[in-house]
Amino acid sequence: MRLVLTADTHVPKRARVLPGPLWAAIEAADVVVHAGDWVDEALLDAMTARSRRLIGVYGNNDGPALRARLPEVARVDLDGLRVAVVHETGPRTGREMRCAARFPDVDLLVFGHSHIPWDTEAPGGLRLLNPGSPTDRRSQPHATYLTAEVHAATLTEVHLHNLPRP
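Residues numbered from 1 in each chain as written. Predicted model: local features only at pLDDT ≥ 70, side-chain atom pairs only at ≥ 80, totals over all residues. Heavy atoms only, no water.

Draft legend 1. The arrangement of the sheet that holds strand β9 (residues 143–151) in detail. Within the open sheet, the five strands sit side by side as β3-β2-β1-β9-β10. Their pairing is mixed. A strand with exactly one partner marks an edge of an open sheet, and here the two such strands are β3 (54–56) and β10 (154–163). Sheet twist, expressed as the mean angle between neighbouring strand axes with direction ignored, is 20°. Of the strand pairs in this sheet, strand β1 (residues 2–6) and β9 are connected by four bridges, and their pairing is antiparallel. When the bridges of β9 are listed, leucine 3 appears paired with alanine 148. (Pairing = 2+ DSSP bridges. Helix = DSSP H or I, 4+ residues; strand = E, 2+ residues; numbered from the N terminus. Axes fitted to C-alpha atoms, helices over the stretch in contact; angles between N-to-C directions.)

Structure below.
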């Protein structure tokens, strides 16, 4: 099962559209995960139309219309891999311990908010992934997103993709 992980797209405030390579990855994926800060419903509609399966949550920059359509936390089983998605996880210090306590029954937590790619493992085995942002790199050298594979409850082939500057 091919996954695309993204967050903090901020369309149309930080970019008018998503980068082409991300759209291509979305269209090729079996599951797309978006960890919040869409900003506009039009992107949710477009991503829903162009993906086979979309799992998303709202972020702190998402207004009432998006909050009415998306949960704060999403939980899903992907081929036996227990996944949770949330926008904010709090400060970087202590993140692994805090998330392991909040999500004790999860194998993978996908989150956003910081625009900083993150890939760590908490005590007990919880994997934490933040794909960064494909449109607003802030202090990062590149705008980014993640791809991964899931087979028999195992996450493999996790790759951070750097996007070219516009």
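Draft legend 2. Looking closely at the sheet that holds strand β4 (residues 73–78). On the basis of which strands lie adjacent, the open sheet formed by five strands has the order β4-β5-β6-β8-β7 and mixed pairing. Only two strands of the sheet have a single partner each, and these edge strands are β4 and β7 (118–121). Averaged over neighbouring strand pairs, the angle between their axes works out to 15° when direction is ignored. As defined by bridge partners, β7 adjoins strand β8 (residues 127–130) across four bridges and the pair is classed as antiparallel. Bridge pairing links threonine 120 to leucine 128 in β8. Strands β4, β5 (81–86), β6 (108–110), β7 and β8 of the sheet are contacted by helix α4 (residues 95–102), whose axis makes an angle of about 70° with β7. (Contact = heavy atoms within 4.5 Å.)

Draft legend 3. Seen up close, the side chain of aspartate 136. As for its position among the elements, aspartate 136 is in the loop between β8 and β9. The residues touching aspartate 136, leaving out its near neighbours within four places in the chain, are Arg14 and His115.

Draft legend 4. Expanded view of the nonpolar core. Counting residues in each nonpolar core, the largest one holds 21 residues, and the members touching the most others are Leu3, Ile55, Val83, Val85, Val110 and Leu155. The contact partners of leucine 3, leaving out residues within four places of it in the chain, are Ala29, Val31, Leu78, Leu146, Thr147, Ala148, Val150 and Leu155. Trp23, Trp38, Leu70 and Tyr145 belong to the second-largest nonpolar core, a separate cluster that totals 19 residues. (Core = buried A, V, L, I, M, F, W, Y, C linked by side-chain atoms within 4.5 Å. Buried < 20%, exposed > 50% of the residue type's maximum accessible area, 1.4 Å probe, protein only.)

Draft legend 5. Structural context of the pairing of β10. The pairing of β9 with β10 spans eight bridges and is classified as antiparallel. Within β10, the position partnered with tyrosine 145 by the bridge is histidine 161. Where β9 folds back on β10, the antiparallel hairpin that results is connected by two residues, among which alanine 152 adopts a positive phi of roughly 50°.

Draft legend 6. How the structure looks around the pairing of β8. Sheet topology note: the β6/β8 ladder contains three bridges and is parallel. Directly across from leucine 108, in β8, lies its bridge partner arginine 127. Where β7 folds back on β8, the antiparallel hairpin that results is connected by five residues, among which glycine 124 adopts a positive phi of roughly 95°.

Draft legend 7. The arrangement of the pattern of salt bridges in detail. Across all of its chains, the model carries eight salt bridges by this definition. For the salt bridge of glutamate 41 with arginine 69, the shortest nitrogen-to-oxygen distance reads 2.9 Å. In this pair, glutamate 41 sits in helix α2 (residues 41–50) while arginine 69 sits in helix α3 (residues 64–69), placing the two residues 28 residues apart along the sequence. According to the relative accessible area criterion, arginine 69 is partly exposed, its value standing at 39%. Between aspartate 45 and arginine 69 there is a salt bridge, and its shortest N-O distance comes to 2.7 Å. (Salt bridge = Lys/Arg side-chain N within 4 Å of Asp/Glu carboxyl O.)

Draft legend 8. Just α2, in detail. Three or more residues of α2 are buried, namely Leu43, Leu44 and Met47. For α2, the arc enclosing every buried residue in end-on projection is 100°, short of the 170-degree limit, so these residues lie on one face. Structurally, α2 contributes buried residues whose contacts are with β1, α1 (20–28), β2 (31–34), β3 and α3. Where α2 begins, one side-chain oxygen reaches toward the backbone nitrogen of alanine 42, 3.2 Å away; that side chain belongs to aspartate 40. (Arc of directions from axis to C-beta. Polar contact = N/O pair within 3.5 Å; in protein donor to acceptor, adjacent residues only side chain to side chain.)

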